[in-house]
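Fold and geometry: a report
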Amino acid sequence: MNFFFSEVGDNYQISKSLDSFENGGLFGKGIGEGTISKNLPDVHSDFIFALIGEELGAFFAILIIGVYIAIYIRIHIISQRSNNFFIVIFFGTFGCNRQ
């Protein structure tokens, strides 16, 4: 059985989330206007990014990923520049500091 072409069984949520990204397009359908994501059982917790992809679009989803990457880079820079051991350990756990 092919993972991406099966619509039943264990792949139902994953295939519906991929359909919601496809349905959303570049700029989305609008907040509350998504149709496929309403069929996802755990859209409020597990598949929130699929909901974002359908209602707000791929542009906003990529923007969210960019914000997370910017936060990660900033945490890494702070932990590299600090001389305080507590700050290095504290921020290093979030930014996977490698010295």
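So, here's what we can say about the structure.

**Remarks on the overall build of the protein**
Scanning the protein from terminus to terminus reveals 4 helices and 0 strands. Counting from the amino terminus, the protein carries its helices and strands in the arrangement α-α-α-α. Taking all 99 residues of the protein together, the buried fraction comes to 27%. Long-range contacts, defined here as pairs at least 24 residues apart, represent 40% of the contacts in the protein between residues at least 6 apart.

**Examining the packing of aromatic side chains**
In the structure shown here, the tally under the stated rule is 2 aromatic pairs. Ring centres 5.7 Å apart and planes at 50 degrees place the aromatic pair Phe21 and Phe49 in the tilted group. Placement of the pair is Phe21 in helix H1 (residues 12–24) and Phe49 in helix H2 (residues 48–55), with a sequence separation of 28 residues. By relative accessible area, which is 31% here, Phe49 ends up partly exposed. Ring geometry for Phe27 against Phe59: centres 6.0 Å apart, planes inclined by 50 degrees, an arrangement best described as tilted.

**Quick look at the side chain of Ser17**
For Ser17, the position within the fold is in helix H1. Using a relative accessible area of 7% as the deciding quantity, one classes Ser17 as buried. A polar atom in the side chain of Ser17 sits 2.8 Å from the backbone oxygen of Ile14. Look past the residues within four positions of Ser17 in its chain and what remains in contact with it is Leu40, Phe47 and Ala50.

What counts as what
Residues numbered from 1 in each chain as written. Predicted model: local features only at pLDDT ≥ 70, side-chain atom pairs only at ≥ 80, totals over all residues. Heavy atoms only, no water. Helix = DSSP H or I, 4+ residues; strand = E, 2+ residues; numbered from the N terminus. Buried < 20%, exposed > 50% of the residue type's maximum accessible area, 1.4 Å probe, protein only. Contact = heavy atoms within 4.5 Å. Phe/Tyr/Trp six-rings, centres within 6.5 Å; stacked < 30°, edge-to-face > 60°. Polar contact = N/O pair within 3.5 Å; in protein donor to acceptor, adjacent residues only side chain to side chain.

Just distances and angles here, no functional claims.
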